[in-house]
Each structure stands twice: as structure tokens, then as C-alpha cells.
Amino acid sequence: MSTIAQHFGEACGCTACSGEARGGDAAFSRRRFLCTTLGTAAVMAGGVALSARPASAQSTMTPDEALQTMMDGNKRFTEGRLQSLNEDLAILKAKTAEKQEPFAAVLSCADSRVPVEFVFDQSIGHLFVVRVAGNVATPEITASLEYGIAVLGVNLLMVLGHSNCGAVKATIEGKAVPGQIGALYAPIWPAVNAAGNDLDAAIDANAKMQATLLSRTSTVIADATKQGKLKVVAARYDIATGVVSMLG
């Protein structure tokens, strides 16, 4: 968390921050390519508005508004009406890289088929995404999410499971695996024990259990929820259809 000082008006001067600046040009070029290629096609189809939302707008959302914004974005994603690609360049030009004001945090699986920002059609600085195989709430993951809530002020925390999750499937099978991969089994076992060998049921149970675990074991998350500043939800992403469904 080398950027914590910057959120309180101080420059931290760490190597991570200076390295970020050095890598900016390459990142900008990749983003420009995506925006130009995909954005042009969308505009030709008449489906994308070119105006960007103000980067600071998300900071005024209520938890329910934050959730509705996420689900509206997922609807645009499934309908092929992405707006975020056109917003990225506008936001970069406004220099919002100097600060971040995300309105939601997402605990997602590390699976490469779950591109969280695209799934919810959100642009740079809108989502605070933490990813780990099986979307499990380890101490390090919890600490990262607490940072998003306590320091960045996100209004929504979503635990996002997904169909055909390899981590849950491997836990069900219980086979020997190399290295430290087996460390993922323990936090997923409660969901497998509850759902049995039904992969879909275990995936949903895992997302809901991780959301409950975060709500009950983190004083930061629990306090924000009690004060009405935060909403914690569990959801499932279907990698075949692109649809996000709320769980419970």
C-alpha cells in the first residue's frame, strides 16, 4: 500500500510509484489501441455515447446505487453496448491516475475469462478489484478489501464467483497438485461440504460463504455495513453468456 500517503496529500516517493510513471506510456498505448479498435466499431453501430462520466461522480453513490450501476453495466456488456472503452482516454487525460475514487470493490477469481471491468462496463478508477483463484477471503485479500473500504470509501463489496471455476472443481476432486496450489482447498472446503459434488451449487455456496466471512470477521467491513455506508453481496458470472446473477 505504498500509495496510502498520497491519499492524504503526501507524496510517498517509493519505487513503485516512480515505476508506475515509467510504465505509463506503454499502458497508454495499449489502452489507446483498444479504444480505437473497439470504440470505433461501437460508434459505427450507433451504440456508444462518446461523452465520459465525471470521474468523481461515483463518490456520491449510495450502496444501492452502486449495485444498480454495476448491474446496468453488466447489461450493457451482454448487449454489446460498452461505454467504458471510450471513457478511458478521457479519464487519463483528466489525470485521474493521480488519485482513485472507486465506488465498488470486487473480490473475483483470478480466472482470465473473468475481465471484471469489462463485465460491468466500468472504466479506469471505478472499481477496486482484488483477484485470487477461487475468490477466497484470505487475510491478505481481506486486508486489501479493507483498504478499499476504509481509505478509498467504496460503497459496495461484491464477491464474484463464476461458472466452471477450476479452483472449486479441483477442491471437489481433491487430487494431489504441485507446489502450493493445494492451499486453495482449505478455504473452499466448507462450500464443497455444504453443496456436495455439484459444481454449480458449490461455486454459488463458495461466493456466498466468502461474502459472509468478510462481513463477520472484518471489523472494518462490519462497521461500514452497520453504518449503512457499505453493502456486501455475492454474485455469479456466467462465462458463456456474460450475465451476472445475484446470489441470495
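This section reports on the structure supplied with the text. Please read these numbers as outputs of a predicted model, since none were measured by experiment.

**Points about the pattern of salt bridges**
Right, so step 1: This structure, assessed with the given rule, holds seven salt bridges.
Right, so step 2: Of the charged contacts in the structure, one is a salt bridge between Asp64 and Lys231, with a shortest N-O distance of 3.1 Å. One end of the pair, Asp64, is in helix α3 (residues 63-78); the other, Lys231, is in strand β4 (residues 231-237), and 167 residues separate them in sequence.
Right, so step 3: The class for Lys231 is partly exposed, based on a relative accessible area of 29%.
Right, so step 4: Among the ionic pairs, Arg236 bridges to Asp204, the shortest N-O distance being 2.8 Å. Pair noted here: Arg236 is in strand β4 and Asp204 is in helix α9 (residues 199-217), with a separation of 32 residues, a long-range link.
Right, so step 5: In this structure, a network of salt bridges that share partners links the residues Lys75, Glu79 and Arg81.

**Observations concerning the side chain of Asn74**
Right, so step 1: For Asn74, the position within the fold is in helix α3.
Right, so step 2: For Asn74, a relative accessible area of 4% puts it in the buried group.
Right, so step 3: A polar atom in the side chain of Asn74 sits 2.8 Å from the backbone oxygen of Gly242.
Right, so step 4: Other than its neighbours up to four places away in sequence, Asn74 contacts Val119, Phe120, Gly242, Val243 and Val244.

**Examining the packing of aromatic side chains**
Right, so step 1: The full count for this structure, using the stated rule, is one aromatic pair.
Right, so step 2: Ring geometry for Phe128 versus Tyr147: centroids 5.9 Å apart, planes at 45°, classification tilted. Residue Phe128 is located in strand β2 (residues 127-131), and its partner Tyr147 is located in helix α6 (residues 139-150); the two are separated by 19 residues in the primary sequence.
Right, so step 3: Assessed through its relative accessible area of 13%, Phe128 is described here as buried.
Right, so step 4: Given a relative accessible area of 6%, Tyr147 falls into the buried group.

**Quick notes on the sheet that holds β2**
Right, so step 1: The five strands lie next to each other as β2-β1-β3-β4-β5, forming an open sheet whose pairing is mixed. Pairing within the sheet leaves two strands with one partner each, and these edge strands are β2 and β5 (244-247). Ignoring strand direction, the axes of neighbouring strands in this sheet form an average angle of 30°.
Right, so step 2: As defined by bridge partners, strand β1 (residues 104-108) adjoins β2 across five bridges and the pair is classed as parallel. Among the inter-strand pairings, Ala104 is bridged to a residue of β2, identified as Leu127.

**Details of helix α7 (residues 166-173)**
Right, so step 1: Where α7 is concerned, the buried positions are Ala167, Val168, Thr171 and Ile172. When α7 is viewed along its axis, its buried side chains cluster within an angular range of 140° and face the same direction.
Right, so step 2: The secondary structure elements touched by the buried residues of α7 are α8 (185-195) and α9.
Right, so step 3: Immediately beyond the C-terminal end of α7, within one or two residues, lies Gly174, with a positive phi of roughly 65°.

**Considerations on unusual backbone geometry**
Right, so step 1: Positive phi values are uncommon outside glycine, yet Asn135 reaches one of about 40°.
Right, so step 2: Of note in this structure, Asn164 is not a glycine but carries a positive phi near 55°.
Right, so step 3: As for its placement among the helices and strands, Asn164 is situated in the loop between β3 (156-162) and α7.

Rules and cut-offs
Residues numbered from 1 in each chain as written. Predicted model: local features only at pLDDT ≥ 70, side-chain atom pairs only at ≥ 80, totals over all residues. Heavy atoms only, no water. Salt bridge = Lys/Arg side-chain N within 4 Å of Asp/Glu carboxyl O. Helix = DSSP H or I, 4+ residues; strand = E, 2+ residues; numbered from the N terminus. Buried < 20%, exposed > 50% of the residue type's maximum accessible area, 1.4 Å probe, protein only. Polar contact = N/O pair within 3.5 Å; in protein donor to acceptor, adjacent residues only side chain to side chain. Contact = heavy atoms within 4.5 Å. Phe/Tyr/Trp six-rings, centres within 6.5 Å; stacked < 30°, edge-to-face > 60°. Pairing = 2+ DSSP bridges. Axes fitted to C-alpha atoms, helices over the stretch in contact; angles between N-to-C directions. Arc of directions from axis to C-beta.

As far as function goes, none of this settles anything; it's purely spatial.
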